[in-house]
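Observations on the model geometry
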Amino acid sequence: MNLVDVTETALSLPDAWRSHVLGQVGTAAVKVLRMDGRALEPEVHGTAEVLLVVEGRLELLVDGVERTLGAGELCRVPAGAVHAVRPGSSGTLLIVEVPERALP
């Protein structure tokens with residue numbers, strides 16, 4: 001069994017918004033990243049993803065609907081949904097997704 005301090009791992013990452021794979025469960029990747037308040041451009045994925053705010057808040061736009069998620073809240077973004085991060089998102093984000101390309 002591996003224990004991971006998700007918040008400490010996010011804080012140690014050199015770049016905000018660059019995710020780090022913590023591990024895999026089946027074919028799904030479990031990733032963590034540090035949010036720093038910047039907005040991100042809209043994106044679309046061929047697979048669904050789950051976004052869990054560990055600490056802080058996530059300002060999200062999913063298919064034109066604005067959402068604010070706080071610590072302990074998660075959002076499932078369906079495959080094909082256009083989503084973007086709005087300004088003001090900061091803290092630690094955990095992402096669970098099936099990668100569209102194989103992990104190394």
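Conventions and cut-offs
- Residues numbered from 1 in each chain as written.
- Predicted model: local features only at pLDDT ≥ 70, side-chain atom pairs only at ≥ 80, totals over all residues.
- Heavy atoms only, no water.
- Salt bridge = Lys/Arg side-chain N within 4 Å of Asp/Glu carboxyl O.
- Helix = DSSP H or I, 4+ residues; strand = E, 2+ residues; numbered from the N terminus.
- Buried < 20%, exposed > 50% of the residue type's maximum accessible area, 1.4 Å probe, protein only.
- Polar contact = N/O pair within 3.5 Å; in protein donor to acceptor, adjacent residues only side chain to side chain.
- Contact = heavy atoms within 4.5 Å.

1. Quick notes on the pattern of salt bridges
A complete count under the given rule lists five salt bridges for this structure. A salt bridge links arginine 86 to glutamate 66, with the nearest nitrogen and oxygen atoms 3.3 Å apart. Residue arginine 86 is found in the loop between β7 (83-85) and β8 (90-97), and its partner glutamate 66 is found in strand β5 (residues 65-70); the two are separated by 20 residues along the sequence. According to the relative accessible area criterion, arginine 86 is buried, its value standing at 19%.

2. Brief notes about the side chain of glutamate 97
Relative to the assigned elements, glutamate 97 resides in strand β8. Within the local environment of glutamate 97, its side chain forms a polar contact with the side chain of lysine 31, the two groups lying 2.4 Å apart. Residues contacting glutamate 97, with those up to four places away along its chain left out, are Thr27, Ala28, Ala29, Lys31, Ala48 and Glu49.

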